[in-house]
Amino acid sequence: MTSPQHLPAGRMGAMVLRRIGEPLAWEERPLPQPGPGEVRLRVEACAVCRTDLHVVDGELPGGPLPIVPGHEIVGRIEAAGPGVALIPGSRVGVPWLGHSCGHCPYCAEGRENLCDAPQFTGFTRDGGFATHVVADAGYAFPLESLIDPVAAAPLMCAGLIGWRSLKMAGEGRRIGLYGFGAAAHLLAQVLRWQGREVYAFTRAGDGAAQALARQLGAAWAGGSDQMPPEPLDAAILFAPVGALVPLALRAVRKGGRVVCGGIHMSDIPSFPYSILWEERQILSVANLTRADAAEFLALAPRAGVRAETTTYPLARANEALDDLRHGRFQGAAVLVP
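Keep in mind that this is a model prediction, so the values were computed, not measured.

A. Summary view of the environment of Glu-295. Following the sequence through the fold, Glu-295 ends up in helix α8 (residues 290-303). Among the residues examined, Glu-295 registers a relative accessible area of 34% and is labelled partly exposed. Sequence separation between Glu-295 and Arg-164 is 131 residues; the distance between their C-alpha atoms is 9.8 Å. Setting aside residues no more than four positions away along its own chain, Glu-295 makes contact with Trp-163 and Lys-167. Looking at Glu-295, its side chain comes within polar contact range of the side chain of Trp-163, at 2.9 Å.

Have a look at this one:
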């Protein structure tokens, strides 16, 4: 394996998923050329998301193989295809939703997150577990105000999906966050900046995650099997565990909302209608829009949002995925070529 720093001219390296359930494999490839409306980035950092685990484990069916995972990308533009206004050398971020068709009914309504013909970074088009990546310039967001690429990388999914989930949760004061990982630890900082109360729910006995939540200003932190000391106005579920839905419904007040923020979740068990009654709601979040990105990326520096990160060399992507699977770090893992 040639190290990413010593690749021959005109070549790139990537950690590639060749078969579902197998470890990622290192490959050297020719540098790709951006087409119309595309840019090629030299990757500076790519965070590791639970969705990457869903891709590797085959829990998101339908993606082509082989594929380069990774969709929380920060990099510098090296080359631009025809019709691109972005300037080579500028820093941009690339998220999960990597392209929308622009003409289906959902795109026409401004709901491109529900596009009928989308492309997803690291799932249906090659992603950022690599030294270089080609991205749709329309989904490459300027990041010049964020000077640390490692700290910025988790914002591109954990931050963005957390922001969209919060918008769906509404304006309530008491917000429960189930699963205090990459997304929740960023969103907790936004909530505290907004003057709201954070109630953090972790795996039973996860003292490290609960300590991080308290450090970030949570009013309460405990196990997901516990009830909060006060009824919640809304709960946001980042842990992909369907059994949390009834628990969260019991924790929210009348008229409260339970927002499912993940792209994949285990089956939701049956539950009595009485815990849904009184106008409680269950909602799901799908992807993001470019408007979500513009809002959050402008807000994050003002709110002082800072990611708690553990860095890994690109070649140790499999280790980072395994550590995420088993909860061996707090915050977010970030690969650095």
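B. Spatial organisation of the environment of Met-156. The topology assignment puts Met-156 in the loop between α3 (149-152) and α4 (158-169). Judged by relative accessible area, Met-156 falls into the buried class, the value being 1%. Contact partners of Met-156, with chain neighbours within four places excluded, come to His-71, Glu-72, Ile-73, Val-74, Gly-93, Val-94, Pro-95, Trp-96, Phe-141, Leu-143 and Leu-297.

C. Up close: helix α5 (residues 182-193). In this model α5 runs 18 Å from its N-terminal to its C-terminal C-alpha over 12 residues, within 8% of the 16 Å that 1.5 Å per residue would give. With nine of 12 residues buried, α5 is to be regarded as a mostly interior element. Inspection of α5 places Ala-183, Ala-184, His-185, Leu-186, Leu-187, Ala-188, Gln-189, Val-190 and Leu-191 among the buried residues, and these make up the whole buried set. Backbone geometry just downstream of α5 places Gly-195 in the positive-phi region, at approximately 85°.

D. Spatial organisation of the state of the cysteines. Inspection of every chain in the model, using the stated rule, returns zero disulfides. As a non-bridged cysteine, Cys-49 has Cys-157 as the owner of its nearest cysteine sulfur, 3.9 Å distant. In this structure Cys-49 comes out as buried when scored by relative accessible area, which is 12%. Free cysteine: Cys-104, not disulfide-bonded; nearest cysteine sulfur from Cys-101 at 3.7 Å.

E. Geometry of the packing of aromatic side chains. For the structure on display, the rule yields six aromatic pairs. Measuring from ring centre to ring centre gives 4.9 Å for Trp-96 and Phe-120, while their planes differ by 20°; the resulting arrangement is stacked. You can see Trp-96 sitting in the loop between β5 (91-94) and β6 (97-99) and its partner Phe-120 sitting in strand β7 (residues 119-120), a full 24 residues away along the chain. This pair shows no difference in class: Trp-96 is buried, exactly as Phe-120 is. Ring centres 6.4 Å apart and planes at 35° place the aromatic pair Trp-163 and Phe-296 in the tilted group.

F. Broad picture of the sheet that holds strand β11 (residues 197-202). Overall, parallel pairing links the six strands, which are arranged β12-β11-β10-β13-β14-β15 in an open sheet. With one partner strand each, in any of the chains shown, β12 (220-223) and β15 (281-284) form the two edges of the open sheet. Neighbouring strand axes in the sheet, compared pairwise and without regard to direction, differ in orientation by 20° on average. When β11 meets β12, the two strands line up parallel, connected through four bridges. Note on β12: the bridge partner recorded for Tyr-199 is Trp-220. Its contacts with the sheet put α5 on β10 (174-178), β11 and β13 (232-237), and the angle it makes with β10 is roughly 170°. With respect to the sheet, helix α6 (residues 207-215) is in contact with β11 and β12, its orientation differing from that of β12 by roughly 165°.

G. Here's a closer look at the side chain of Gln-189. As for its position among the elements, Gln-189 is in helix α5. Residue class for Gln-189 comes out buried when judged on its relative accessible area of 12%. Engagement of the side chain of Gln-189 in a polar contact is seen with the backbone nitrogen of Arg-306, the distance being 2.8 Å. Those residues in contact with Gln-189, other than ones at most four positions away along the chain, are Leu-216, Gly-304, Val-305 and Arg-306.

H. How the structure looks around the pairing of β5. Burial along β5 is two-sided: the residues Arg-91 and Gly-93 and Val-92 and Val-94 are all buried. In this sheet, β5 lies alongside strand β4 (residues 72-80) in antiparallel orientation, the contact comprising four bridges. Bridge pairing in β5 places Arg-76 opposite Arg-91. In terms of strand pairing, β5 meets strand β9 (residues 141-142) through two bridges, oriented antiparallel. Across the sheet, the residue bridging to Gly-93 is Phe-141, located in β9.

About the criteria used
- Residues numbered from 1 in each chain as written.
- Predicted model: local features only at pLDDT ≥ 70, side-chain atom pairs only at ≥ 80, totals over all residues.
- Heavy atoms only, no water.
- Helix = DSSP H or I, 4+ residues; strand = E, 2+ residues; numbered from the N terminus.
- Buried < 20%, exposed > 50% of the residue type's maximum accessible area, 1.4 Å probe, protein only.
- Contact = heavy atoms within 4.5 Å.
- Polar contact = N/O pair within 3.5 Å; in protein donor to acceptor, adjacent residues only side chain to side chain.
- Expected span 1.5 Å × (residues − 1).
- Disulfide = S-S within 2.5 Å.
- Phe/Tyr/Trp six-rings, centres within 6.5 Å; stacked < 30°, edge-to-face > 60°.
- Pairing = 2+ DSSP bridges.
- Axes fitted to C-alpha atoms, helices over the stretch in contact; angles between N-to-C directions.

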